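# Notes for the structure review
What follows is each chain in one-letter form.
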Amino acid sequence: MFGMSRKFGGALRVAVVAVSALALGGIMAGPSSAEDKLVILGSVPGLKFPFFVHMMNQIKAEGEKLGVEVIVGDGQVSSTKQTADVEAAISRGVNGIVISPNEVDAMAPALQEAVDAKIPVVTIDRYVTKVPDLLGHVGADNSKGGEAQAELIMKLFPNGAKIMNLQGQPGAGPAIDRNKGLHNILDQHKDKYEIVFEQTAEFDRVKGLSVTEAALAGMQTPPDVIVAANDDMILGAMEAVKAHNLGGKIALIGFDALPEALARVKDGSLTATVEQFPGLQSSKAVDKLVAFLKDGTKPEPKVELLTPITITKDNLDKAERLGEIQ
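Okay, so let's go over this structure. Bear in mind that the values here come from a model prediction, so they are computed numbers and not experimental data.

### Points about the sheet that holds strand β9 (residues 251–253)
With parallel pairing, the four strands of this open sheet are ordered in space as β7-β6-β8-β9. If you trace the sheet from one side to the other, it starts and ends with β7 (193–200) and β9, each paired once. Direction aside, the axes of adjacent strands within the sheet are offset by 15 degrees on average. Strand direction decides the pairing type here: strand β6 (residues 161–167) and strand β8 (residues 225–228), joined by four bridges, are parallel. Across the sheet, I163 pairs through a bridge with V225, a residue of β8. With respect to the sheet, helix α7 (residues 205–217) is in contact with β6, β7 and β8, its orientation differing from that of β6 by roughly 145 degrees. Along the sheet, helix α8 (residues 231–243) makes contact with β6, β8 and β9, crossing β8 at roughly 150 degrees.

Take a look at the structure:
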């Protein structure tokens, strides 16, 4: 059986790439000629999340502005699917790749394959340290974003607070860094700020609801604060809080500054969210990639991190997507 796997493994790999190419637009052509417009793959972890829809829209808009064709890659929250999309793009011979990896470690082999094929790669949002020869990275300093959440908690509750922490997708760089940033600050003041519940809800709204519901049901005293690593989870948690008739009694802090979250900040039902400028990350990444493809200009700095800020009622005008509030 092992001999058979070795014999037919290459054919199976070609089949996987060919099938994935259909998902990338049904084009399995060779590399673009000098006369053709530049073609790049734009890939995000999953278009089921509004955050990544926004990033993809900005990738496409910047590509159109620069006269670049963008192939849309929806990772469907699967590193296997996103890997197949990258391999299909390599097989096609795209000029470059802009990608937010679903999982930084799981996606490293596929991105290394692209680099080895002389296809420049710029990552956004999630930085893959195991591929040192990436062209560049544009993201937010997620540790500072988590620290901003912690600092806001301390400002809102100077005498101390009990905190529920909803963590993001295990293995995802932003989830790891946001949680690290939150703990960086709060762990220095454990005598006043106690994390009474901490569990992943995988960046998912339904899981944010169910995890919060279960946690609240098991508590004699509700927490003072629920903090989440993205807005989908905190919006789910908000529904659980309402179901327990605790609306307005628990501070709710999200992350990502989605339009729906901004609307809830505006009406007072959400305390705050964190703006990490995902649209700016995306457009900057496309700009850096296209500049390199057109004239060989390498990004400087190679890794550019934007500093997130907390958004409350007092500074709603700083939110990137404020104009999208219905």
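Now that the structure is up, let's keep going.
### Considering the sheet that holds strand β5 (residues 136–140)
Overall, parallel pairing links the six strands, which are arranged β2-β1-β3-β4-β5-β11 in an open sheet. The strands lining the two open edges of the sheet, one partner per strand, are β2 (69–74) and β11 (303–306). If you compare each strand with its neighbour and ignore which way they point, the axes differ by 15 degrees on average. The strands touched by helix α3 (residues 79–92) within the sheet are β1 (39–44), β2 and β3 (96–99), with β1 carrying the most contacts at an inclination of about 175 degrees.

### Structural notes on the packing of helix α2 (residues 50–65) against helix α10 (residues 278–295)
Relative to each other, α2 and α10 sit at 35 degrees, their axes nearing to 8 Å. Judged by the twist between their axes, the crossing of α2 over α10 is right-handed. Between α2 and α10, the contacting residues are F51, H54, M55, Q58, I59, E62 and G63 on the first element and P278, G279, Q281, S282, S283, V286 and D287 on the second.

### Brief notes about α10
Under the 1.5 Å per step criterion, the end-to-end length of α10 is 26 Å for 18 residues, consistent within 8% with the ideal 26 Å. Within α10, the full set of buried residues consists of P278, G279, Q281, S282, S283, A285, V286, K288, L289 and V290. Backbone geometry just downstream of α10 places G296 in the positive-phi region, at approximately 80 degrees.

### Details of the packing of aromatic side chains
Across all of its chains, the model carries two aromatic pairs by this definition. With 6.1 Å between their ring centres and 75 degrees between their planes, F49 and F52 make a pair best called edge-to-face. With relative accessibility at 5%, the residue F52 sits in the buried group. Taking 5.1 Å as the distance between ring centres and 80 degrees as the angle between the ring planes, the aromatic pair formed by F51 and F52 counts as edge-to-face. Per residue, the accessibility class of F51 equals that of F52, and both read buried. Ring pairing ties together the aromatic residues F49, F51 and F52, which thus form one cluster. The ring of F255 carries the charged tip of R178 above its face, separated from the ring centre by 3.8 Å.

### Comments concerning the nonpolar core
Core analysis: the biggest nonpolar cluster contains 52 residues, and V98, M164, L166, I226, I234 and L252 have the highest contact counts within it. The leading source of residues in this core is α8, at six residues. Once residues within four sequence positions are removed from consideration, L252 is found in contact with I226, I234, M238, V241, S269, L270, T271 and A272. Counting residues in each nonpolar core, the second largest holds 21 residues, with V39, A89, I97 and I119 among its members.

Conventions we followed
- Residues numbered from 1 in each chain as written.
- Predicted model: local features only at pLDDT ≥ 70, side-chain atom pairs only at ≥ 80, totals over all residues.
- Heavy atoms only, no water.
- Pairing = 2+ DSSP bridges.
- Helix = DSSP H or I, 4+ residues; strand = E, 2+ residues; numbered from the N terminus.
- Axes fitted to C-alpha atoms, helices over the stretch in contact; angles between N-to-C directions.
- Contact = heavy atoms within 4.5 Å.
- Left-handed = near helix turned anticlockwise from the far one by under 90°.
- Expected span 1.5 Å × (residues − 1).
- Buried < 20%, exposed > 50% of the residue type's maximum accessible area, 1.4 Å probe, protein only.
- Phe/Tyr/Trp six-rings, centres within 6.5 Å; stacked < 30°, edge-to-face > 60°.
- Lys NZ or Arg CZ within 6 Å of the ring centre and 35° of its normal.
- Core = buried A, V, L, I, M, F, W, Y, C linked by side-chain atoms within 4.5 Å.

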